[in-house]
Structures are given as C-alpha cells and as structure tokens.
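Coordinates in review
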Amino acid sequence: MSRLSPVEVTVYPYECDAYGHLNEAGFLQLFERARWEMLARGPGADLFSRNGIWPAVRRAVVDYHRPAFPADVLRVDLVVEKIGRTSLEIRQRAASKDGALVAELHVVFVMIDKSGKPAPMPDEVSSAFGGRVTVPTGEMVRYDVGDVTLAVESRGDGPALLLIHGFPVDRSMWGHQVATLARWRRIAPDLRGCGFSDAPEQGYSMAAYAGDLVRLLDRLRIERAVIAGLSMGGYVAFELLRRYRERVMGLILMDTRADADTPEGRKGRDALIEVARSQGAAAVGEHLLPRLLGRSTQRTQPQVVEQVREMARRTPVPGIVGALSAMRDRPDSTPHLGAIDVPTLVVVGEEDELTPPAVARAMTSAIPLAAMTTIPGAGHLAPLEAPTAVSRVIAEFLEAVPRP
Ligand code: MLT
C-alpha cells in the first residue's frame, strides 16, 4: 500500500496538442507532476535527494482510456506494485471528476546513486511507499486491528506497559523506554495515521485511537496494561479510561492536559490543518518544533531537534489532518479526574511550554491517587529530551504498581 495520498491536477492548455487534448507525452508529464505533488505533501519533495539516491525510470507505459482537455481536473492516485532491493514498480491512475478512468501509467524505477549505479532503497524511501523498514531499536510487527494495521514495537516479558506517543511524532519517541524498562512487556504502537501505521483518509477521533489500541491489546492477549500517554497520547489514555476502565491497571500522564481545546485553540487546529494540506507534513513540523522541545534541548541537543523534525516529516498528511481534528474535537476530561482510581504518575518537563508544570500540578491535585514528577531541562517531549531521567521515574513508578 502506498503512503502517498491522491492529488488533483489541472490539465494546462500548453500541455495539449493541436487537436486540443492531452496526448501521451502530456500524460507522462501530468503523472510526473502528480508524483512530485504527492511527495511534497507527504514525505517531502527532497525524499530522494536527502537519502542520497535518485529514481531513474527504466520503463514507463501509458494506457489511454478517455480524452482530457484543458482545465480538466484529474484525480491521480498511486499504487505500489512491487518494492525490490533497488527497484520500485508503481501504477498511477488519473480519473475525471465523475470517477471515470482517463489514463493509467505503469512505471519501473531503479534507484541509482550519484555515480549512476543501482543503490539499495533506504528505509525512509521504502516506508514512504509502504514498504518494510529495518527498525533499529526492536522488532516492528504490523497488527490488523480492524480497518487499519498498526506498526507496533514490542519488547520484553512481564506485565504490559502500553506507550502512546504524541503529535506529530511516532512510537520511536519511546526508544529509550522500550529499550530499558526491563521486567515489563513494553508495547509502543504507531497510532493510526502516524509513523508506519496505515493512514486512512478519514476515521480519526480519540475514540478511534482508543478502539485501535484495545483491539491491539486483544490481539496480543493482554487483559490489562499500565497506560503511558504523552500529550495527545494522554488524551487517548483518558479515552481508554472512560471506555475501557477494566483494561487499565495504572496510568502515566506525561506532558499532557485534561481540558479540551479553547475556542482559540480550535481555530489554531483548523489553521494548521490548512498548512498540512497546502504545504505538507514538514511545514507542520517546522511550525510546532519551537514549542515541542525545551529551550535547553534546542540549544544543546541538535540531534533531538533533527529526530523530531524527521518524525514530523514522515507523518502522512491524512494522519496529521486526522490527529489535529481529533484533538480539536476531543472531550474535556477534567470532570473525570476525580474518578480515576488507578495508581497515577504525572510527569512534566520543567521547560514544557505547551502543557507547563502548572497544568500538570492542577491535574495531579484533581486525581486521588496521583503523584507528580518534574523532569529538569526537558520540554514537551521529555522522553526524548531526557530519556534516562524519564525511564528512571517510570521504572520507580512501575515498581509500586500492584502486579496482576
Ligand atoms: C502533542 O504533543 O501531542 C501535542 O502537542 C498535543 C496538542 O497539540 O494538544
């Protein structure tokens, strides 16, 4: 399955021939234009150059079905037919507004390096086209949880710890916790629309994310888990508690808040949805980056800044739009705080500007069994910024959670 979303392209008058319609050379150009547009809106138009390779076309075959004229708007999608070690076969289809197939293109690419020799496909390129990737920190397995498959990393044995990432990042933000929290079964999924999970065009809400995760626990035959949610992951954790209280044996709320968006916040989500649609995932990442990481991290940990940028860049646009609308429409969890009856740890980065320590303190005092820890020198993405400190406070908390 391709991770590139369909785009609409307009037929330009100058692309048409003397008979006033698009000929085969015009179709080739239009399909190529659509591909660049898909890349720009998805993983970035520099996907190939930043990976040091170039896709050379070995073969291109156009099947023509119906005429297209100047100013026609065609919807072009892209299906991956085969991903090899160095090659990629795709099919693009252009359809008119009424859905009728206008033309199809089958292309075989070979990845070449700067010297023109075939080169192995880098993970980032392979994953952008829906292929397999090599995950350095553990085994990634895909689980079918209904209408989507989720990419999930899981390590260790023992009671389950479900780690739910924030936005616009993915499960790799929990790398240190997945690697180190021994004696627990650490499960870090990419939420739908994020990382390497499927990214449908529709179907995003806190209820949908929570439903996916409960079905994932079912697939893994896990009855109860400690749920750790960072920021948007915290919103999902609240939803899990509301809907599936019996599956939760402990709660870690990290750099998150219980209240819903303010009217201004909702407007901000809509504006960012527009940025995602018009400029792509990378632009959303750039917009959010200054507030996602603490000032200390931004000054002293350029590799973490790059890691976050990279995670945002590889989030599919439908996933970004879906997450923003799910967050915009999420319910207020404040009225439920007093009823939380599982051991709870609230963790916040000292320099978190999005969900600052004052927010964490208020939330902690409203939850009967909650304790709070502040992580010095970290911002909103504390597990990435201060991984050792965060893993340590989680480990200490887990020690105190009654085991099933
Ligand atoms: C997150 O980190 O998940 C987001 O900052 C949450 C939000 O925007 O509300």
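Here, every reference points to the structure presented above.
Remember, predicted model here, so these are calculated numbers, not experimental data.

Inspection of the region around the ligand gives Gly 166, Phe 167, Ser 231, Met 232, Tyr 235, Arg 269, Met 327, Leu 354 and His 380 as its neighbouring residues. Phe 167 has a polar backbone atom sitting 2.8 Å from an oxygen atom of the ligand. A distance of 2.8 Å separates an oxygen atom of the ligand from a polar backbone atom of Met 232. When the ligand is considered free in solution it has 270 Å² of accessible area, and contact with the protein chains removes 88% of it. The pocket occupied by the ligand, as judged from atoms lying within 2 Å of grid points, is the largest pocket. Residues that form the shell around the ligand fall into these classes: five nonpolar, three polar and one charged.

Spatially, β6-β7-β9-β8-β10-β11-β12-β13 is the arrangement adopted by the eight strands of the open sheet, whose pairing is mixed. Both outer strands of the open sheet, β6 (140–144) and β13 (370–375), are each paired with one neighbouring strand and no more. With strand direction ignored, the average angle separating the axes of adjacent strands in the sheet is 25°. Alignment of β6 against strand β7 (residues 149–155), held across five bridges, turns out to be antiparallel.

Below, the discussion takes up the layout of surface pockets. Put simply, the largest pocket is a space of about 600 Å³. Around the largest pocket, the lining comprises 24 residues; the ones closest to its centre are Asp 261, Arg 269, Leu 288, Arg 291 and Leu 354. Listed by contribution, the elements that provide at least two residues to the lining of the largest pocket are α6 (232–243), α7 (263–279), α8 (281–292) and α11 (317–328). Looking at side-chain class alone, the lining of the largest pocket contains ten nonpolar, seven polar and seven charged residues.

So, about the pattern of salt bridges. Pairing between side chains becomes possible if they bear opposite charge and their charged atoms approach one another. Following the criterion strictly, the structure yields 28 salt bridges and no others. For Arg 183, the salt bridge identified is with Glu 399, shortest N-O distance 2.7 Å. Remark: Glu 399 occurs in helix α14 (residues 387–400) and Arg 183 occurs in the loop between α4 (175–180) and β9 (185–189); sequence separation between them is 216 residues. With relative accessibility at 55%, the residue Glu 399 sits in the exposed group. Salt-bridge contacts for Glu 239 lead to Arg 242; the nearest nitrogen and oxygen are separated by 2.7 Å. Of this pair, Glu 239 and Arg 242 both sit in helix α6, three residues apart, which is roughly one turn of the helix. You can call Glu 239 buried: its relative accessible area is 4%. Overall, Arg 242 belongs to the partly exposed group, its relative accessible area being 29%.

The rules behind the values
Residues numbered from 1 in each chain as written. Predicted model: local features only at pLDDT ≥ 70, side-chain atom pairs only at ≥ 80, totals over all residues. Heavy atoms only, no water. Near = heavy atom within 4 Å. Polar contact = N/O pair within 3.5 Å; in protein donor to acceptor, adjacent residues only side chain to side chain. Areas by Shrake-Rupley, 256 points an atom, 1.4 Å probe, with all protein chains shown as cover. 1 Å grid on protein atoms, 1.4 Å probe; cavity = no way out; pocket = protein on both sides within 12 Å on 5 of 7 lines; lining within 4 Å. Sits in = over half its atoms within 2 Å of the grid points. Nonpolar A, V, L, I, M, F, W, Y, C, P; charged D, E, K, R; others polar. Pairing = 2+ DSSP bridges. Helix = DSSP H or I, 4+ residues; strand = E, 2+ residues; numbered from the N terminus. Axes fitted to C-alpha atoms, helices over the stretch in contact; angles between N-to-C directions. Points joined across faces, edges and corners; volume = space filled by probe spheres on them. Salt bridge = Lys/Arg side-chain N within 4 Å of Asp/Glu carboxyl O. Buried < 20%, exposed > 50% of the residue type's maximum accessible area, 1.4 Å probe, protein only.

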